[in-house]
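Each chain, letter by letter, is given below.
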Amino acid sequence: MQIEINGEAAEVEEAIPMAALIATLALTGKRIAVELNGELVPRSRFDQQLLGPGDRVEIIQAVGGG
Amino acid sequence: MSQAPAQSDSLIIAGQEYGSRLLVGTGKYKDLAETARAIEASGAQIVTVAVRRTNIGQTPGEPNILDVLPPERYTILPNTAGCYDVDTAVRTCRLARELLDGHNLVKLEVLGDEKTLFPDVVATLAAAEILVKDGFDVMVYTNDDPIMAKRLEDLGCVAVMPLAAPIGSGLGIRNPLNILTIVENAKVPVLVDAGVGTASDAAVAMELGCAGVLMNTAIAAARDPVLMASAMRKAIEAGREAFLAGRMAPKRFASASSPLTGLFF
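A brief structural summary.

What counts and what doesn't
- Residues numbered from 1 in each chain as written.
- Chains lettered and ligands numbered in written order.
- Predicted model: local features only at pLDDT ≥ 70, side-chain atom pairs only at ≥ 80, totals over all residues.
- Heavy atoms only, no water.
- Core = buried A, V, L, I, M, F, W, Y, C linked by side-chain atoms within 4.5 Å.
- Buried < 20%, exposed > 50% of the residue type's maximum accessible area, 1.4 Å probe, protein only.
- Helix = DSSP H or I, 4+ residues; strand = E, 2+ residues; numbered from the N terminus.
- Contact = heavy atoms within 4.5 Å.
- Patch = residues over 30% accessible without salt bridge, like charges linked within 9 Å, V, L, I, M, F, W, Y side chains within 5 Å.
- Areas by Shrake-Rupley, 256 points an atom, 1.4 Å probe, with all protein chains shown as cover.
- Salt bridge = Lys/Arg side-chain N within 4 Å of Asp/Glu carboxyl O.
- Polar contact = N/O pair within 3.5 Å; in protein donor to acceptor, adjacent residues only side chain to side chain.

Comments concerning the nonpolar core
- B:Leu108, B:Met215 and B:Met232 are the most contacted members of the largest nonpolar core, which has 68 residues in total.
- Among the elements that make up this core, the one with the highest residue count is helix H3 (residues 86-99) of chain B (six residues).
- The contact partners of B:Met215, leaving out residues within four places of it in the chain, are B:Leu22, B:Leu23, B:Val24, B:Gly25, B:Val196, B:Ala202 and B:Met232.
- One finds A:Leu21, A:Ile22, A:Leu27 and A:Leu36 within the second-largest nonpolar core, a separate group that totals 19 residues.

Here it is in structure tokens:
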């Protein structure tokens, strides 16, 4: 199924859990935070949170800034 | 009566005590090593970071700003820089809180336009209200407008941060009397945020009674950022001590410093 990750289209398996998506992106354990369709997904829910077609995922980190 | 020494003159924000009254941003540096050296030289304990999309798969193993600024050592102040509406500012704060394991302190800025980067004060008020209700300790960037500063304080912001001049302009304090009025009206710390260009600007802010100064470009864009960071640390301390000492009243004409009695000529 197709989803969007940080604004880019991506093909992932049906009903993939957020934790698995994070793992395939090699981001497990990194200092990141995640939104699904504009809503925060706490790290504690990465395992339960399943993704559906057309979902928009945002993965963010801290960067230098004023 | 002598004032307490500078060491015990702490800045208190949201119940936390800080020895340094200089807050620094982490943008625009050449690299993370220079960022770390400049921040070390500044003596700052509160450092701002921005929140942006992670590069997916492009730069694995790329060092992160939080690797050189460990949250165990610094108070990380995530900001909403680049947000032009209430929703993105609130979302950014919620993401930042998750990123920093529930840390509630945020710097709110909701910008009005790209040319001036002046705050959209209507949107800033609305976002501040949502964030305060959601349990955030909000340090808020605003105009040098005493009325708006008071409104933001009344909403429950833990610090009010009027600009000295446009972000990144280095123009110094354009409206010192308004900054003074904001300081006099406030019960929460007032920090000048944005527009400082050099050390004397920072000292002026402190002499006006500001609780601190937040800056980024003035340090990062100096020819020698590490040296400027050190200059800013001293300017903040000097300005604070001058404020506490209470300056002499300015006079129009001269007043001799040596005794006028005992002249032998």
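After that view of the structure, there is still more to cover.
Focus: a nonpolar patch on the surface
- Together, B:Leu263, B:Phe264 and B:Phe265 make up an exposed nonpolar region whose accessible area comes to about 460 Å².
- When you line up the elements, B:Phe265 lands in the segment after helix H9 (225-245).

Concerning the pattern of salt bridges
- Going through the model one piece at a time under the given rule, you end up with 15 salt bridges over all chains.
- Between B:Asp9 and B:Arg240 there is a salt bridge, with the nearest N and O atoms lying 2.6 Å from each other. Placement of B:Asp9 in the segment before strand E1 (11-13) and of B:Arg240 in helix H9 is noted, with a sequence separation of 231 residues between them. Taken individually, B:Asp9 and B:Arg240 each receive the classification buried, so the pair is uniform in this respect.
- Through salt bridges with shared partners, a single network forms among A:Glu35, B:Asp87 and B:Arg91.

With respect to the interface of chain A and chain B
- Residue-level contacts link 24 residues of chain A with 27 residues of chain B.
- Between chain A and chain B we count four salt bridges in total.
- Here A:Arg43 makes a salt bridge to B:Glu98, at a shortest N to O gap of 3.4 Å.
- The interface formed by chain A and chain B includes 14 residue pairs in polar contact (both at pLDDT 80 or more).
- Listed by contribution, the elements that provide at least two residues to the side of chain A that touches chain B are strand E3 (33-36), strand E4 (39-41) and strand E5 (56-64) of chain A.

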